[in-house]
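This is what each chain is made of:
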Amino acid sequence: MDESKEYCPFCGADLQGPPIPKEIQHHYGATHGSRKIGIYSREEDRVIKWQCPDCGKEWEREE
């Protein structure tokens, strides 16, 4: 299961969120949620960027 360990590429903040209950981890393929904020595009109907909740900087979403 993916540990979901991520860090902000700008400030280095730990973006790992709270633990996902064991009984539903298989739905997410991860052990923890994420603190990063998704920037949504209505035109593309998907998340196109991420934002750090600590420093506010944004980076492109990897495909």
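Residues numbered from 1 in each chain as written. Predicted model: local features only at pLDDT ≥ 70, side-chain atom pairs only at ≥ 80, totals over all residues. Heavy atoms only, no water.

## Observations regarding the pairing of strand β3 (residues 37–41)
- Sheet topology note: the β3/strand β4 (residues 46–51) ladder contains 5 bridges and is antiparallel. Counted as the bridge partner of tyrosine 40 is valine 47 from β4.
- Connecting β3 to the antiparallel partner β4 that follows it, the hairpin turn spans 4 residues, and aspartate 45 within it adopts a positive phi of roughly 55°. (Pairing = 2+ DSSP bridges. Helix = DSSP H or I, 4+ residues; strand = E, 2+ residues; numbered from the N terminus.)

## Regarding the packing of aromatic side chains
- One pass over the full model with this rule turns up 1 aromatic pair.
- Ring geometry for phenylalanine 10 versus tryptophan 59: centroids 6.4 Å apart, planes at 55°, classification tilted. Of this pair, phenylalanine 10 sits in the segment before β1 (16–19) while tryptophan 59 sits in strand β5 (residues 58–60), and the two are 49 residues apart along the sequence.
- Overall, phenylalanine 10 belongs to the partly exposed group, its relative accessible area being 46%.
- By relative accessible area, which is 17% here, tryptophan 59 ends up buried.
- The ring of tryptophan 50 carries the charged tip of lysine 36 above its face, separated from the ring centre by 4.1 Å. (Phe/Tyr/Trp six-rings, centres within 6.5 Å; stacked < 30°, edge-to-face > 60°. Buried < 20%, exposed > 50% of the residue type's maximum accessible area, 1.4 Å probe, protein only. Lys NZ or Arg CZ within 6 Å of the ring centre and 35° of its normal.)

## A look at the pattern of salt bridges
- Tallied over the entire structure, the rule returns 6 salt bridges.
- Among the ionic pairs, lysine 5 bridges to aspartate 14, the shortest N-O distance being 3.0 Å.
- Where glutamate 58 meets lysine 49, a salt bridge forms, and the shortest distance between an N and an O atom there is 3.8 Å.
- Because the salt bridges share partners, they merge into one network encompassing Lys49, Glu58 and Glu60. (Salt bridge = Lys/Arg side-chain N within 4 Å of Asp/Glu carboxyl O.)

## A short note on the environment of aspartate 14
- Mapping aspartate 14 onto the fold places it in the segment before β1.
- Distance from aspartate 14 to serine 34, taken between C-alpha atoms, is 9.4 Å for residues 20 residues apart in sequence.
- If we skip the residues at most four places from it in the chain, aspartate 14 touches Lys5, Glu6, Tyr7 and Arg35.
- Of the polar contacts made by the side chain of aspartate 14, one reaches the side chain of lysine 5; its length is 3.0 Å. (Contact = heavy atoms within 4.5 Å. Polar contact = N/O pair within 3.5 Å; in protein donor to acceptor, adjacent residues only side chain to side chain.)

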